[in-house]
Amino acid sequence: MNRLVGIPLFALFIGTLMLMSASCSKDDDASDVPENATLVKRIFTEEVHAEDIPQLFATQGIEYHDVAVLNWADPYSYLPQVDFAIAHDGRNILIHYRVTEKRTLGTMEMDLDGVYKESCCELFCMKEGDSQYYNIESNCIGSILMECGSGRAGRFTSTAENLRQIERWASLGRKSVGYIDNETHWELALVVPSTVFWKHSYGSFAGKTFLANVYNCVGSGDDRQYVTWHPVISSGPDFHRPEFFRRIYFEN
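What counts, and at which threshold
Residue numbers run consecutively from 1 along every chain, following the written order of its sequence. Only residues with pLDDT of at least 70 are given local features in this predicted model, and only at 80 or more are side-chain atom pairs given and counted; all residues enter the totals for whole chains, interfaces and linings. Note: side-chain values were computed over all heavy atoms of the structure, leaving out hydrogens and water. Within this scheme, the nonpolar core is defined by two criteria: the residues are buried Ala, Val, Leu, Ile, Met, Phe, Trp, Tyr or Cys, and they are joined through side-chain atoms within 4.5 Å. Using a 1.4 Å probe on the protein chains alone, a residue whose accessible area is under 20% of its type maximum counts as buried, one over 50% counts as exposed, and one in between counts as partly exposed. Only DSSP runs of H or I reaching four residues or more are called helices, and only runs of E reaching two or more are called strands; each is numbered from the N terminus. Strands pair, by our definition, only if DSSP identifies at least two bridges between them. Under the pairing criterion, centres of Phe, Tyr and Trp rings, with the six-membered ring standing for Trp, must be within 6.5 Å; the plane angle then separates stacked pairs below 30 degrees from edge-to-face pairs above 60, leaving the rest tilted. As a reminder, the over-ring test applies to NZ of lysine and CZ of arginine, requiring each to be within 6 Å of the ring centre and within 35 degrees of the ring normal. Our arc is simply the arc of the directions from the helix axis toward the C-beta atoms. By definition, residues are in contact when any of their heavy atoms lie within 4.5 Å. The term salt bridge refers to a pairing of a side-chain nitrogen on Lys or Arg with a carboxyl oxygen on Asp or Glu at a separation within 4 Å.

**Considerations on the nonpolar core**
In a soluble, globular protein the nonpolar side chains are often hidden away together inside. Among the nonpolar cores identified, the biggest contains 37 residues, and F84, Y97, M146, L190, V192 and F197 are the most heavily contacted of them. Contributing elements (two or more residues each) for this core: β3 (81-88), β4 (92-101), β6 (120-127), β7 (133-139), β8 (144-149), β12 (184-193), β13 (209-218) and β15 (246-250). One finds F124, Y133, V232 and F244 within the second-largest nonpolar core, a separate group that totals 16 residues.

Structure (structure tokens):
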């Protein structure tokens, strides 16, 4: 009889230890996040396609961040509705942009064009401690310009072949949509592998701290817009300001 009673008590004891261990592991993970860093959650999955990212983020509860700072409200006072979510799977950065704006421009179908002149979302980032940062600029139809350097001048431009590694999904499609002169909602999802950062050998993103900022713009025409995730202090629109990047930590 005592043996029969002892079995469930022993199981209860083991279960309690397992729960305590799991709780400690979570605390350990949380303690790894640097001070004032945004946590980039890790998604454990065999393979991710860009078109699946919006639904994947919904099921995984990935947080969205507003891109809503008007640094240059005079004269660029228009504030579109922009947010983004970011996660990783170890070898890839996964990012999803959502934009609602009063007019949309998307004509450039080729990578390495001046996509910053059109409806565009941009991730600028660098590994903490590095001297060079990358800009990954994407228009609303998924065409990309990517560069690397230590400042606005003297930047190195990616090859088109390198950019083919980035998988894209655009809600407006990948062909020119021209100029849409009414309120439009569009989304863009990217799968950005570590190997696309051609001047560095990042390997896995897990456990690494980066510095980053995210921007939205339409950089030409009479009705321009410039908004940022984190504030930028400058006399005029200038996204090439790594001193205003903020920490992001890629979860182990």
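**Focus: the pairing of β13**
Summarising burial for β13: 10 of the 10 residues are buried, a large majority. Neither face of β13 is exposed, since T209, L211, N213, Y215 and C217 on one face and F210, A212, V214, N216 and V218 on the opposite face are all buried. Relative to β13, β6 runs antiparallel, the two being bridged by 8 bridges. Paired with M126 across the two strands is L211, which belongs to β13. Here 4 bridges tie β13 to strand β14 (residues 225-228), and the two strands are oriented antiparallel to one another. When the sheet's bridge partners are listed, N216 is paired in β14 with V227. Taking the residues between adjacent antiparallel strands as the criterion, β13 and β14 are bridged by 6 residues, where G221 takes a positive phi near 90 degrees.

**Considering the packing of aromatic side chains**
Throughout the structure, instances matching the rule amount to 19 aromatic pairs. Ring centres 6.1 Å apart and planes at 80 degrees place the aromatic pair F197 and F205 in the edge-to-face group. Side by side, F197 and F205 carry an identical accessibility label, which is buried. Following the ring pairs from residue to residue traces out a cluster consisting of W72, Y76, F124, Y133, Y215, Y226, F239 and F245. The ring of Y64 has R98 sitting right over it, with the charged end atom 3.7 Å from the ring centre.

**Examining helix α2 (residues 53-60)**
Those residues of α2 lying buried are I53, P54, L56 and F57. In a view along the axis of α2, the buried residues occupy a sector of 165 degrees, so they form one face of it. Turned more than 90 degrees off the buried face of α2, the exposed positions are Q55, A58 and T59. As for α2, its buried residues are in contact with β2 (64-66), β3, β4, β10 (167-170) and β12. Looking one or two residues beyond α2, the residue adopting positive phi is G61, at roughly 65 degrees.

**Some thoughts on the pattern of salt bridges**
Counted according to the given criterion, the structure contains 10 salt bridges. R155 is paired through a salt bridge with E147; the nearest N and O atoms lie 3.6 Å apart. Looking at R155, the relative accessible area reads 14%, which means it is buried. A salt bridge links R241 to D238, with the shortest nitrogen-to-oxygen separation between them at 3.7 Å. A relative accessible area of 15% means that D238 is categorised as buried. Three or more residues joined by partner-sharing salt bridges are found here, namely R152, D238, R241 and E243.

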